[in-house]
Amino acid sequence: MGQKDDIYQKFQLRPMKCELNFLSRSDGSAILSQGETVVTVSVNGPLDIKTTSQSIEKATLEILFSSKGGKPSVADRFKENVIRQTCETAILGCLYPRTGITITIQELEDYGGLLSCAINCACLALLNSGISLHHVVAAVSCIVDETGNIVLEPSYQQVQSATTKLYFVFDSRDKNLVTGFTEGAVGEDMYLEALEKCRAASDLVFDFYRDVVRKYSDVI
């Protein structure tokens, strides 16, 4: 087991694998697996859009999330909203006024950590597209289990039995919190402990991005 594998084990993160340029009919695309959870993302834009949808200040960002079952749900719309707000902080939209950028996300497998996987895959697809970014972002999720322990990137079964679920997204510049929300009650001390564990684990995600970009540097 190598040094990086040891670090993954320390933070209990599942192995990540990625392929860029996965889809041919897009300006940028990626497929990402975190453990057995798998997501594909395509990015198209900047594109001309209807005048009624244009913003004179920045690009209009549209997020389309499709679950494995194919039927849209309230939970899917919630994921779209979180991903849109997160990506808007990263994209230099002021460079693309009166245009639209569409990010399409397809769930392939969900064995826990789906939202984190979707955000990380969207970031990789944006890097592949060449759209200018303020920074990249890394998402890490965790739960508080029945015994009060914090578990990073939990399995699907662990998520179902968790008393509290926490989701954090950090920027690559200063590791500031970009997006964060919880499901369930959590005390302040437990929240801060979970935040700092996820912030530390985000370094692994950023390192993974660097490895991917280095691998594809000649073709991005």
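Structure: above.
First, a word on what this report is: a plain description of the structure on this page. Within each chain, residue numbers correspond to sequence positions counted from 1 in written order. In keeping with the predicted nature of the model, local features appear solely for residues at pLDDT of at least 70, side-chain atom pairs appear and are counted solely at 80 or more, and the whole-chain, interface and lining totals rest on all residues. The side-chain numbers reported here are obtained from all heavy atoms of the structure, hydrogens and water having been left aside.

Description of the overall build of the protein
Phase 1 of the analysis: Looking only at helices and strands, the protein features 5 helices and 9 strands.
Phase 2 of the analysis: Traced from its N-terminal end to its C-terminal end, the protein shows the element sequence α-β-β-β-β-α-β-α-β-β-α-β-β-α.
Phase 3 of the analysis: Expected size for 220 residues packed as a compact globule is a radius of gyration near 17 Å; at 17 Å, the protein falls within 12% of this value.
Phase 4 of the analysis: Three exposure classes are used, based on accessible area relative to the maximum for each residue type with a 1.4 Å probe and protein chains only: buried under 20%, partly exposed in between, and exposed over 50%. Residues counted as buried form 47% of the 220 residues belonging to the protein.
Phase 5 of the analysis: Note on definitions: a residue-residue contact is assigned when non-hydrogen atoms from the two residues lie within 4.5 Å. Counting only contacts in the protein whose residues sit at least 6 apart along the sequence, the fraction spanning at least 24 positions is 66%.
Phase 6 of the analysis: Summed over its atoms, the accessible surface of the protein is roughly 11200 Å², and 50% of this surface lies on carbon and sulfur atoms.
Phase 7 of the analysis: The charge count includes Lys and Arg as positive and Asp and Glu as negative, but it does not include His or the ends of the chains. In this description, the location of a charge corresponds to atom NZ of lysine, CZ of arginine, CG of aspartate or CD of glutamate. With 21 positive and 28 negative side-chain charges, the protein shows a separation of 4 Å between the mean positions of the two kinds. Here a helix means four or more residues in a row that DSSP labels H or I, a strand means two or more in a row labelled E, and each is numbered from the N terminus. Atoms considered for the radius of gyration are the C-alpha atoms alone. The globule rule reads 2.2 Å times the number of residues to the power 0.38. Using a 1.4 Å probe, accessible areas were evaluated by the Shrake-Rupley method; residue-level cover was limited to the displayed protein chains.

Re the layout of surface pockets
Phase 1 of the analysis: Its boundaries defined by the atoms lining it, the largest pocket holds a volume of some 380 Å³.
Phase 2 of the analysis: Lining the largest pocket are 20 residues, with K79, L114, V159, Y167 and E183 sitting closest to its centre.
Phase 3 of the analysis: Mapped by element, the contributors of at least two residues to the lining of the largest pocket are α2 (74-90), α3 (114-129), β6 (137-144), α4 (156-161), β8 (164-171) and β9 (177-183). A cavity here means a set of 1 Å grid points, computed over protein atoms only, where a 1.4 Å probe fits but cannot escape. A pocket is an open set with protein on both sides within 12 Å along at least 5 of 7 lines, and lining residues have an atom within 4 Å of a point. Grid points are joined across faces, edges and corners, and a volume is the space filled by probe spheres set on the points.

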